[in-house]
Amino acid sequence: MAQRNSKLLIFILPMMFLFNNCNGVKDTFRSKILVSSKGEKLYINTLNWGVTDDNQYTIITKDAGRLKNRTDTVSAIIGLSPFVYRFRGDTLSVFYLEWKEIDIKERFKSIKIEYNPLENREYMSIINKAGKGEEGYQLVP
């Protein structure tokens, strides 16, 4: 019994040391700026976290720094790649799966927001185009 406890202790002590000395994984903030013909700015900000950045919040906002911290997630969309977008002629077109709820709370003076809920087949086609940079479609940063 004593031998088993000492083997367990030999395993646990280095693990405790390792975990206590890790600095932790930092969040990853990304931002994409879109500018209207009148100079109004819109930001698509994302915040990813987790060991592989596989958790994400996304927000469309007027504030370049919005969502830099996980304490600032009011009205943020949860999930990886929540939508595809296209910005043309002062219109931001947002494409997403029809079962998702996307409602951008902020209002813009010179930028119109167009919502496009799609069935899975249509959405997958647009994601494919966005991945290739075709027809102006863009993936969330």
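Here, the structure is the one placed above.
Residues numbered from 1 in each chain as written. Predicted model: local features only at pLDDT ≥ 70, side-chain atom pairs only at ≥ 80, totals over all residues. Heavy atoms only, no water.

Concerning the overall build of the chain
Each helix and strand counted, the chain has 2 helices and 8 strands in total. The buried share among the 141 residues of the chain stands at 33%. Considering only contacts in the chain between residues 6 or more positions apart, those separated by 24 or more positions represent 37%. (Helix = DSSP H or I, 4+ residues; strand = E, 2+ residues; numbered from the N terminus. Buried < 20%, exposed > 50% of the residue type's maximum accessible area, 1.4 Å probe, protein only. Contact = heavy atoms within 4.5 Å.)

A short note on the side chain of N116
For N116, the location among the structural elements is in strand β7 (residues 112-118). Among the polar contacts made by the side chain of N116, one reaches the main-chain carbonyl oxygen of E114 at a distance of 3.5 Å. Beyond its immediate sequence surroundings of up to four residues, N116 is in contact with S93, V94, F95 and Y96. (Polar contact = N/O pair within 3.5 Å; in protein donor to acceptor, adjacent residues only side chain to side chain.)

Concerning the side chain of N48
By the secondary structure assignment, N48 is in strand β2 (residues 41-49). At 3.4 Å, the side chain of N48 forms a polar contact with the side chain of R30. Among the polar contacts listed, one links the side chain of N48 to the side chain of Q56, at a separation of 3.0 Å. Other than its neighbours up to four places away in sequence, N48 contacts D27, T28, R30, D53, N55, Q56 and L80.

Some thoughts on the sheet that holds strand β1 (residues 28-35)
Taking strand neighbours across the sheet as the criterion, the 4 strands line up as β1-β2-β3-β4 in an open arrangement whose pairing is antiparallel. Only two strands of the sheet have a single partner each, and these edge strands are β1 and β4 (77-78). Here strand β3 (residues 55-61) pairs with β4 via 2 bridges, running antiparallel. What sits directly across from T58, in β4, is I77. (Pairing = 2+ DSSP bridges.)

From the geometry alone we can't say anything about function, so treat these as descriptive.
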